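Chain by chain, the residues run as shown.
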Amino acid sequence: MQLNDPRLFRQLAYINGQWTAGGRNQDEPVLDPANGEIIGHCALLDAEQIAGAVTAAEDAFISWRALSVEARGTRLTRWYQLLHEHREDLAHLMTLEQGKPLRDARGEVDYGASFIQWFAEEARRAYGMTIPSHIPNAMLGTLKEPVGVSAMFTPWNFPLAMITRKAGAALAAGCPVIVKPANETPFTALALAELAERADIPPGVFNVVTGEPATVSEVLCTDSRVRSISFTGSTRVGKLLMRQSAGSVKRMSLELGGNAPFIVCEDVDVDEAAREAVAAKFQTAGQDCLAANRIFVHRRIYDRFLERFAVHMKALRVGSGMMEVDIGPLIHRRAVEAAQALVEDALDKGARLVAGNQSMAPGANFFIPTLLADITSEMRVFREETFSPVAGVCAFDDDEAVVAAANDTEYGLAAYVYSNDVKRIWKMMRGLEYGMVSVNTLKMTGAPIPFGGIKQSGLGREGGAQGLEEYLDTKYFCLGNMPGPSGS
Ligand SMILES: NC(=O)c1ccc[n+]([C@@H]2O[C@H](COP(=O)([O-])OP(=O)(O)OC[C@H]3O[C@@H](n4cnc5c(N)ncnc54)[C@H](O)[C@@H]3O)[C@@H](O)[C@H]2O)c1
Ligand SMILES: N[C@@H](CC=O)C(=O)O
């Protein structure tokens, strides 16, 4: 691997400021999804080593929380700057292990770094309040205090930004962090640890543990010293972590699956809406919790929309993320097989294949963008998060029915509406049971916004002022028998 700074490529876990090999030196290979070649190995820590990370974080909590908000902010700002200085290396590492096009990986470094900068500043505004007293001669109020050791499980689709969106908030709030990156993408996380060390984030404050997911989650979710669990990934694993954490009643932040509806009304520019829908569907090869999963198009423009969608979709270049492409490989072969199974299920149940020829795939882990028309709610492609470049489209006739169809899912993360009629937009936006609704634009995320879902898409919010709250407890105080305003 050719990095400008080879020290960013770390194959050991990072605990208490020490690069740590697995128990009995155990490790596992990490593969390049574009060609299946081994990029390197990551340590498989045992339960005792992971408990050691909790001890280190708990010890570090005392001095980290005691630092002034400026002192923590200075270190976070330095970390943010280092991410920018090493943008190219971080993007290369990310493309190697995740597969996304280099251009997208560079975008993710910028996106991920922006959370660190945001929270370095936002922590200054962790205000408590005073409360007009109902008790004679008492002063009432609240303080904000860090929750304590925070463990975070992060996914392979955004190996950098999902760490910084959680860790930036926790560190700024005064909480030490233990990150468990996805086993598919540990190297970006370990490079972040190297940069955290260079930014003078003290030992024990930012730890990265790698290992068997079940071993790591068993330790971190059941240890009562860990006060908060944050997870981004599938709803299935989110529920598992909730169950594991219930015994020690932890703070839970969950950013789980989505099944985003993308609603296109008949009053829009059809070609433009089709172009946007293609971008919304195929970002990160469809492996994105915000990806448009069910595309509802008004019947009056349905045929033209399908035609324009197919044109824009076919223009997408598929290949290794190291080349000039729009779509890289899926994360592994299982994901390709899962996509194929979704397509077969839809075709068996009457969907129409408009475009998508899998025989053109440039390798075993690639999936050619596929467009299915006339999907129905009986099909898996409608009910499940496809997490692949498979687009399902269906026609609608009236607004109330489309909102009801869009809400016909256990998920509630993001929804898109395209229309030029402000009253219609407002009505749909209020009716959609989603944590985030984006109108006439794809670009909705960023550090200042409260990212998150309702229903089985999760709990809590990341980013914005709300993102900091996830790592703060409210302490109420009542000072009794105080002198009155006159000093009496
Ligand atoms: N919301 C997101 O950003 C996001 C990201 C990745 C995956 N997903 C979901 O995952 C599905 C496909 O991905 P998959 O097959 O890898 O899903 P998965 O649920 O098997 O795994 C998702 C992630 O969870 C981790 N994981 C698995 N078991 C765990 C455990 N016991 N403790 C802690 N972590 C554990 C894995 O390491 C992996 O990184 C998609 O349908 C999508 O819903 C969502
Ligand atoms: N694309 C999302 C991450 C979920 O997969 C984001 O922008 O945060």
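Every residue gets a number counted from 1 within its own chain, in the order that chain's sequence is written. Both sets of labels track the order of writing: A upward for chains, 1 upward for ligands. Note on the predicted model: pLDDT of at least 70 is required for a residue's local features to be given, and 80 or more for side-chain atom pairs to be given and counted; whole-chain, interface and lining totals, by contrast, use all residues. Hydrogens and water are ignored here; the side-chain numbers use all heavy atoms of the structure.

The protein chain has the name Aspartate-semialdehyde dehydrogenase in an unreviewed UniProt entry, where Kushneria avicenniae is given as its organism. UniProt positions are given in the numbering used here, feature names are shortened, and annotations may be inferred rather than shown by experiment. Recorded in UniProt under Sequence similarities (unreviewed entry), the annotation for the protein chain is "Belongs to the aldehyde dehydrogenase family."

Novice: I tried to follow the overall build of the protein chain on my own but got confused; where do I start?
Specialist: The numbering of helices and of strands both runs from the N terminus, where a helix is a DSSP run of H or I of at least 4 residues and a strand a run of E of at least 2. Across its full length, the protein chain holds 15 helices and 20 strands. For the protein chain, the C-alpha radius of gyration of 24 Å lies close to 23 Å, the compact-globule estimate for 488 residues. Taken over the C-alpha atoms alone, the protein chain extends approximately 80 × 60 × 40 Å along its principal axes. To sort residues, take the accessible area from a 1.4 Å probe on protein chains only and compare it with the maximum for the residue type: under 20% means buried, over 50% means exposed, and anything in between is partly exposed. Put simply, the protein chain has 488 residues, and 56% of those count as buried. Just so you have it, the protein chain exposes about 19,600 Å², and 53% of that area is on carbon and sulfur atoms. When charges are counted, Lys and Arg are positive and Asp and Glu negative, with His and the chain ends excluded. A charged residue contributes its charge at one atom only: NZ of Lys, CZ of Arg, CG of Asp or CD of Glu. Charge centroids of the protein chain, computed over 48 positive and 59 negative side chains, lie 3 Å from each other. Radius of gyration: C-alpha atoms only; globule rule: 2.2 Å multiplied by the number of residues to the exponent 0.38. Method for areas: the Shrake-Rupley scheme with a 1.4 Å probe, in which residue coverage is limited to the protein chains shown.

Novice: Is there a simple way to explain the sheet that holds strand E12 (residues 260-264) in this structure?
Specialist: Within a sheet, neighbouring strands are paired by backbone hydrogen bonds and run either parallel or antiparallel to one another. The strand order across the open sheet built from 7 strands is E14-E15-E16-E13-E12-E17-E18, with neighbouring strands paired in mixed fashion. Strand pairing shows two members of the sheet lacking a second neighbour, strand E14 (352-355) and strand E18 (436-439), which therefore form its edges. Adjacent strand axes in the sheet meet at a mean angle of 25° when their direction is disregarded. Contacts are assigned to residue pairs that have any heavy atoms within 4.5 Å of one another. Only the contacting stretch of a helix is used when fitting its axis, a line to C-alpha atoms as for every element, and angles between N-to-C directions run 0 to 180 degrees. Together, E12, strand E13 (292-298) and strand E16 (390-396) form the strand contacts of helix H13 (residues 399-406), whose direction differs from that of E13 by roughly 170°. Should DSSP find at least two bridges between two strands, the strands are taken to pair.

Novice: What am I meant to see in the site of ligand 2 here?
Specialist: The rule for a residue being near a molecule or strand is that one of its heavy atoms must lie within 4 Å of it. Taken together, Tyr-111, Asn-157, Phe-158, Met-162, Arg-165, Asp-288, Cys-289, Leu-290, Thr-445 and Phe-451 make up the full set of residues near ligand 2. Pairing of N or O atoms within 3.5 Å defines a polar contact, subject to two protein rules: one partner must be a possible hydrogen donor and the other a possible acceptor, and residues neighboring in sequence count only if both atoms are side-chain atoms. Here Tyr-111 contributes a side-chain N or O atom positioned 2.9 Å from an oxygen atom of ligand 2. Across the complex, the protein chains shield 96% of the 260 Å² of accessible surface that ligand 2 would expose by itself. Here a cavity means grid points, on a 1 Å grid over the protein atoms only, where a 1.4 Å probe fits yet cannot get out; a pocket means an open set of points with protein on both sides within 12 Å along at least five of seven lines; lining residues are those with an atom within 4 Å of a point. By definition, a pocket or cavity contains a molecule when more than half of the molecule's atoms lie within 2 Å of the pocket's grid points. Because more than half of its atoms lie within 2 Å of the grid, ligand 2 is assigned to the second largest pocket. Boundaries of every domain are those given by an automatic assignment or by a domain database. Counting residues domain by domain, the shell around ligand 2 receives three or more from each of domain 1 (6-256 + 457-475) and domain 2 (261-439).

Novice: What is the right way to look at unusual backbone geometry in this model?
Specialist: Glycine aside, residues mostly have negative phi angles, and peptide bonds mostly take the trans form. Phi at Asp-200 takes a positive value of approximately 65°, unusual for a residue other than glycine. Following the sequence through the fold, Asp-200 ends up in the loop between helix H6 (186-198) and strand E9 (206-208). Judged by its relative accessible area of 56%, Asp-200 is exposed. Look at Lys-455: it is not a glycine, yet its phi comes out positive at around 50°. Looking at where Lys-455 falls in the secondary structure, it is placed in the loop between E18 and strand E19 (458-459).

Novice: What's the story with the packing of aromatic side chains in this structure? I'm lost.
Specialist: Between the rings of Phe, Tyr and Trp (Trp by its six-membered ring), a pair exists once the centres lie within 6.5 Å; its type follows the angle of the planes, with under 30 degrees stacked, over 60 edge-to-face, and the other angles tilted. Summed over the entire model, instances satisfying the criterion amount to 10 aromatic pairs. When the ring of Phe-9 is compared with that of Phe-187, the centres are 4.8 Å apart and the planes differ by 65°; the resulting orientation is edge-to-face. With a gap of 178 residues between them, Phe-9 in the segment before strand E1 (13-15) and Phe-187 in helix H6 connect regions that are remote in the sequence. Judged by relative accessible area, Phe-187 falls into the buried class, the value being 1%. Taking 5.1 Å as the distance between ring centres and 65° as the angle between the ring planes, the aromatic pair formed by Trp-79 and Phe-206 counts as edge-to-face. Remark: Phe-206 occurs in strand E9 and Trp-79 occurs in helix H2 (residues 69-85); sequence separation between them is 127 residues. Here Phe-206 falls in the buried class, since its relative accessible area comes to 1%. An aromatic cluster is defined as three or more aromatic residues linked by ring pairs; in this entry it consists of Phe-262, Tyr-416 and Tyr-418. A ring is scored as having a charge over it whenever the NZ atom of a lysine or the CZ atom of an arginine sits within 6 Å of its centre and within 35 degrees of its normal. For the cation-ring pair, Lys-100 lies above Phe-158, with the distance from its terminal atom to the ring centre recorded as 3.9 Å.

Novice: Looking at this structure, how should I read the confidence of the model for the protein chain?
Specialist: Close inspection of predicted coordinates is inappropriate for parts of the model with low pLDDT. The predictor attaches a confidence to each residue, and that confidence, scored 0 to 100, is pLDDT. Of all residues in the protein chain, 99% attain a pLDDT of 70 or more, and the chain-wide mean is 97. Both scores are given for the predicted complex: the pTM is 0.97, the ipTM 0.93.

Novice: What's the story with the UniProt feature "active site" (unreviewed entry) in the protein chain in this structure? I'm lost.
Specialist: UniProt's entry tags Glu-255 with the feature "active site" (unreviewed entry), counted in the numbering of this structure. Counting through the fold element by element, Glu-255 comes out in strand E11 (residues 251-255). With a relative accessible area of 3%, Glu-255 lands in the buried category. With residues near it in sequence (within four places) discarded, Glu-255 still touches Met-162, Arg-165, Phe-231, Thr-232, Gly-233, Cys-289, Leu-413, Phe-451 and Ser-457.

Novice: Is there a simple way to think about the sheet that holds strand E6 (residues 139-146) in this case?
Specialist: The 3 strands are arranged E5-E6-E20 in an open sheet whose pairing can be described as antiparallel. Where the open sheet ends on each side, the last strands, each with one partner, are strand E5 (129-131) and strand E20 (472-479). The mean inter-strand angle of the sheet, taken between neighbouring strand axes irrespective of direction, is 25°. Looking at chain direction, E6 and E20 are connected through 8 bridges and run antiparallel. Bridge pairing links Glu-145 to Asp-473 in E20.

Novice: Hey, could you run me through the site of ligand 1 in this one?
Specialist: The local shell around ligand 1 holds 21 residues, among which Trp-156, Ser-234, Arg-236, Leu-240 and Glu-385 are the closest. One of the backbone N or O atoms of Leu-256 is found 3.5 Å from a nitrogen atom in ligand 1. Relative to its unbound accessible surface of 810 Å², ligand 1 loses 81% to contact with the protein. Sorting the residues of the shell around ligand 1 by element identifies helix H7 (213-222) and helix H8 (235-245) as the ones contributing at least two each. The element that contributes the greatest number of residues to the shell around ligand 1 is H8, accounting for 4 residues. Residues are grouped as follows: Ala, Val, Leu, Ile, Met, Phe, Trp, Tyr, Cys and Pro are nonpolar; Asp, Glu, Lys and Arg are charged; every other residue, Gly included, is polar. Among the residues forming the shell around ligand 1, the class breakdown is 12 nonpolar, 5 polar and 4 charged.

Novice: Would you explain the side chain of Thr-445 in this entry?
Specialist: Structurally, Thr-445 is set in the loop between E18 and E19. Owing to a relative accessible area of 19%, Thr-445 belongs among the buried residues under this scheme. Looking at Thr-445, its side chain comes within polar contact range of the side chain of Tyr-111, at 3.3 Å. Ignoring anything within four residues of it in the chain, the contact list for Thr-445 reads Tyr-111, Leu-290 and Phe-451.

Novice: What should I look at first to understand helix H10 (residues 302-314) in this one?
Specialist: Here a helix's expected span is defined as the number of its residues, less one, multiplied by 1.5 Å. The terminal C-alpha atoms of H10, which comprises 13 residues, lie 18 Å apart, in line with the 18 Å expected from a rise of 1.5 Å per residue. Along H10, the residues that are buried comprise Tyr-302, Phe-305, Leu-306, Arg-308, Phe-309, Ala-310, His-312 and Met-313. Contacts made by the buried residues of H10 are with E12, helix H9 (270-282), E13, E14, strand E15 (370-373) and E16.

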